[in-house]
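Survey of secondary and tertiary structure
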Amino acid sequence: MTEESLNPIVYSKNVIEFVTVANEFCNLVEHVGQETTRSFLNKTQKILPLLYLKVSVLEDVNSYEELGLEKFVSEVDYNYLQQKMMNLLGEFDDFQEVFDPGMQFSDEPLSASISECLADIYQDLKDFLMTFRTGDELVMQEALWVCQDNFKNYWGQRLVNSLRAVHNLMYGDYDLDQAMNQASKSEDIEAESNKPEWLNQLFKDQGE
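Residues numbered from 1 in each chain as written. Predicted model: local features only at pLDDT ≥ 70, side-chain atom pairs only at ≥ 80, totals over all residues. Heavy atoms only, no water.

1. Considering the packing of helix H2 (residues 37–56) against helix H4 (residues 114–132)
In plain terms, the rule: Working convention: axes come from line fits to C-alpha atoms, limited for helices to the stretch in contact. Angles between N-to-C directions cover 0 to 180 degrees. Strands are runs of DSSP state E lasting at least 2 residues, helices are runs of H or I lasting at least 4, and numbering of each runs from the N terminus. Orientation is classified from the angle alone, with under 35 degrees giving roughly parallel, over 145 giving roughly antiparallel, 65 to 115 giving roughly perpendicular, and any other angle giving oblique. By definition, any crossing whose near helix is turned counterclockwise from its far helix by less than a right angle is left-handed, and any crossing with a clockwise turn is right-handed. Residue contacts are defined here by distance: any two heavy atoms, one from each residue, within 4.5 Å place the two residues in contact. Residues were grouped as follows: Ala, Val, Leu, Ile, Met, Phe, Trp, Tyr, Cys and Pro as nonpolar; Asp, Glu, Lys and Arg as charged; and all remaining residues, including Gly, as polar.
Running from N to C, H2 and H4 cross one another at 50°; their axes reach a closest spacing of 13 Å. Put simply, H2 runs oblique to H4. Pair H2 / H4 crosses with left-handed handedness. When H2 is examined against H4, the residues Phe 40, Thr 44, Leu 48 and Leu 51 are found in contact with a partner set consisting of Leu 118, Ile 121 and Leu 125. Here the residues of the contact of H2 with H4 sort into 6 nonpolar, 1 polar and no charged.

2. So, the packing of aromatic side chains
Keep this limit in mind: Between rings of Phe, Tyr and Trp, where Trp is taken as its six-membered ring, a pair exists when centres lie within 6.5 Å; planes separated by under 30 degrees are stacked, by over 60 edge-to-face, and by other angles tilted. Categorising residues by exposure relies on relative accessible area from a 1.4 Å probe, with only protein chains included: less than 20% of the type maximum marks a residue as buried, more than 50% marks it as exposed, and the intermediate range marks it as partly exposed.
Enumeration over the complete set of coordinates arrives at 5 aromatic pairs. Measuring from ring centre to ring centre gives 5.1 Å for Phe 128 and Phe 132, while their planes differ by 40°; the resulting arrangement is tilted. Taken together, the positions of Phe 128 and Phe 132, both in helix H4 and 4 residues apart, correspond to about one turn of that helix. Neither residue differs from the other here; Phe 128 and Phe 132 are each classed as buried. One aromatic cluster is present, built from ring pairs that chain together Phe 18, Phe 128 and Phe 132.

3. Things to note about the side chain of Gln 82
What counts is decided by this rule: Within 3.5 Å is the distance limit for a polar contact, defined as a pair of N or O atoms, with the added protein rule that one can donate a hydrogen and the other accept it, and that residues adjacent in sequence qualify only through two side-chain atoms.
With respect to the element layout, Gln 82 can be found in helix H3 (residues 75–89). A distance of 2.8 Å separates the side chain of Gln 82 from the side chain of Ser 115, its partner in a polar contact. With sequence-adjacent residues up to four places away left out, Gln 82 is seen in contact with Ser 113, Ser 115, Glu 116 and Ala 119.

4. Thoughts on the environment of Asn 153
Structurally, the position occupied by Asn 153 is in helix H5 (residues 137–171). The class for Asn 153 is exposed, based on a relative accessible area of 59%. Within polar-contact distance, the side chain of Asn 153 engages the backbone oxygen of Asp 149 at 2.9 Å.

5. Topic: the confidence of the model for the chain
Operational definition: Each residue gets a pLDDT score, which is the predictor's confidence in that residue and runs from 0 to 100.
Summarising the model, the chain shows a mean pLDDT of 83, and 76% of its residues fall at 70 or more. Low pLDDT (under 50) marks residues 179–187, which in the prediction has 10 contacts with non-local residues, meaning those over four places away or in another chain.

6. Some words on H5
Quick note on the threshold: How far a helix is expected to stretch is found by multiplying one less than its residue total by 1.5 Å. The quantity called bend is, for any residue, the angle between two axes fitted respectively to the seven residues ending at it and the seven beginning at it.
In this model H5 runs just 43 Å from its N-terminal to its C-terminal C-alpha over 35 residues, more than 12% under the 51 Å that 1.5 Å per residue would give. Along its length, H5 reaches its greatest deviation from straightness, about 65°, at Phe 151. Of the residues flanking the start of H5, the one acting as N-cap is Asp 136, its side-chain oxygen 3.1 Å from the backbone nitrogen of Leu 138.

7. Some details on helix H1 (residues 13–30)
Side chains three or four residues apart in an α-helix point the same way, a direct result of the helix having 3.6 residues per turn. Here H1 contains 18 residues, and its C-alpha end-to-end distance of 26 Å stays within 8% of the 26 Å for a straight helix at 1.5 Å per residue. For H1, the full list of buried residues reads Val 15, Phe 18, Val 19, Val 21, Ala 22, Phe 25, Cys 26, Leu 28, Val 29 and Glu 30.

8. Quick word on the nonpolar core
Across soluble globular proteins, nonpolar side chains have a tendency to be buried as a group. Our working rule: Definition used in this section: a nonpolar core is a set of buried Ala, Val, Leu, Ile, Met, Phe, Trp, Tyr and Cys residues joined via side-chain atoms within 4.5 Å.
Counting 52 residues, the largest nonpolar core has Phe 18, Phe 25, Leu 51, Ile 121, Leu 125, Phe 128 and Trp 155 as the members making the most contacts within it. Of all the secondary-structure elements, those providing two or more residues to this core are H1, H2, H3, H4 and H5. The leading source of residues in this core is H5, at 11 residues.

9. Regarding a nonpolar patch on the surface
Short version of the rule: For patches, a residue must show more than 30% relative accessible area and have no salt bridge; joins then use 9 Å for like charges and 5 Å for nonpolar side chains, namely Val, Leu, Ile, Met, Phe, Trp and Tyr. Accessibility throughout is a Shrake-Rupley quantity obtained with a 1.4 Å probe, and a residue counts as covered only by protein chains that appear here. Think of a salt bridge as a Lys or Arg side-chain nitrogen and an Asp or Glu carboxyl oxygen that are within 4 Å of each other.
A cluster of nonpolar side chains, Leu 50, Leu 53 and Val 57, forms an exposed patch at the surface whose accessible area comes to about 230 Å². Turning to its location among the elements, Val 57 is positioned in the loop between H2 and H3. When its relative accessible area of 40% is taken as the criterion, Val 57 is described as partly exposed.

10. Remarks on the packing of H1 against H4
If you want to describe how two helices pack, look at the angle between their axes and the distance between the axes. Interhelical geometry of H1 versus H4 gives an angle of 125° and a closest axis separation of 9 Å. If you check the angle between H1 and H4, you find them oblique. The crossing of H1 and H4 is left-handed. Between H1, through Val 15, Phe 18, Val 19, Ala 22, Asn 23, Phe 25, Cys 26, Val 29 and Glu 30, and H4, the contact on the second element is made entirely by Leu 118, Ile 121, Tyr 122, Leu 125, Lys 126, Phe 128, Leu 129 and Phe 132. Here the residues of the contact of H1 with H4 sort into 14 nonpolar, 1 polar and 2 charged.

Shown next, in the form of structure tokens:
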């Protein structure tokens, strides 16, 4: 394939930069077990604004509605990674939600979860990245459209909500160096045995 025949949208500078940042975010989530609470929040604080910027400057693309895109992140994958992040954050995982439409009908504050927000973002981005690497330009463009549409209608709000919570933790009076995960060694072993096979292979390839 010549350079002139490449799809000018899916191979544009902005898209390549977005793919790079999305991949970094997914790597952070997939390797959360290697982080301390402080280091994970520190990296999350830096990558979320960059991710928001890179997706917000993307050119709008057309959708090919007849293309059915494969989903790569299963419910098991999602729950596994969300649990790992929740264990790491411990008592700091929950935060008060202020942009939930249901707040106007509730007498009590609504809570949300940093780990759940990040897992939602991860799910869309990982599906996008896995589809994007197929090399089929029509499929790549459709994956890009789906990712942008989900950003506008769903995970973009969850990104800024979780960033607000992370900002509060990073600059508030919290002991982030305290060990958050109180699980026993036997529980850790059980969690590892339940790790999705594709994650086992990923970590093996990257020398976990």
